[in-house]
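Structural overview
Listed below, chain by chain, are the residues.
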Amino acid sequence: MADYQIECYGVFKRLTQVDSLKITMGAEEVQIKELLDELQKQYPEMTDTLKVTACAIGDELLSRESTITPDKTLALIPPVSGGQ
């Protein structure tokens, strides 16, 4: 088992009421999409927004097929809107 850290911004922070989450997975390396699938199971209210969310580690945007290890923190970057 391995613990993965996920940083929450925008709508994710509002839904969870925390800055970061810990998700436990059964492998020392997983694809981002596997981590997001587990996140949807634990927080089903995130499902629609996760479909259009960017994922990053540091300043690098990653595809959902990219892999992540427990020593990295995944940032969820939800879509934003603004204007008047």
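Rules of the game
- Residues numbered from 1 in each chain as written.
- Predicted model: local features only at pLDDT ≥ 70, side-chain atom pairs only at ≥ 80, totals over all residues.
- Heavy atoms only, no water.
- Salt bridge = Lys/Arg side-chain N within 4 Å of Asp/Glu carboxyl O.
- pLDDT = per-residue confidence, 0-100.
- Helix = DSSP H or I, 4+ residues; strand = E, 2+ residues; numbered from the N terminus.
- Pairing = 2+ DSSP bridges.
- Axes fitted to C-alpha atoms, helices over the stretch in contact; angles between N-to-C directions.

Next up on the list: the pattern of salt bridges. Two side chains bearing opposite charge may form a pair once their charged atoms approach each other closely. All told, the structure shown has three salt bridges when counted by the stated rule. The residue Lys-13 makes a salt bridge to Asp-19 at a minimum N-O spacing of 2.8 Å.

Turning next to the confidence of the model for the protein chain. A residue-level look at the protein chain finds 95% of positions with pLDDT of 70 or above and a mean pLDDT of 92. Looking over the protein chain, one finds the lowest element-wise mean pLDDT in helix H1 (residues 11-16), namely 91, and the highest in strand E3 (residues 30-31), namely 98.

With mixed pairing, the five strands of this open sheet are ordered in space as E2-E1-E7-E4-E5. Whereas interior strands pair on both sides, the edge strands pair on one side only; in this sheet they are strand E2 (20-25) and strand E5 (60-62). Across the sheet, the mean angle from the axis of one strand to that of its neighbour is 35°, orientation sign disregarded. Strand direction decides the pairing type here: strand E1 (residues 2-8) and E2, joined by six bridges, are antiparallel. For Gln-5, the partnering residue across the bridge sits in E2 and is Lys-22.

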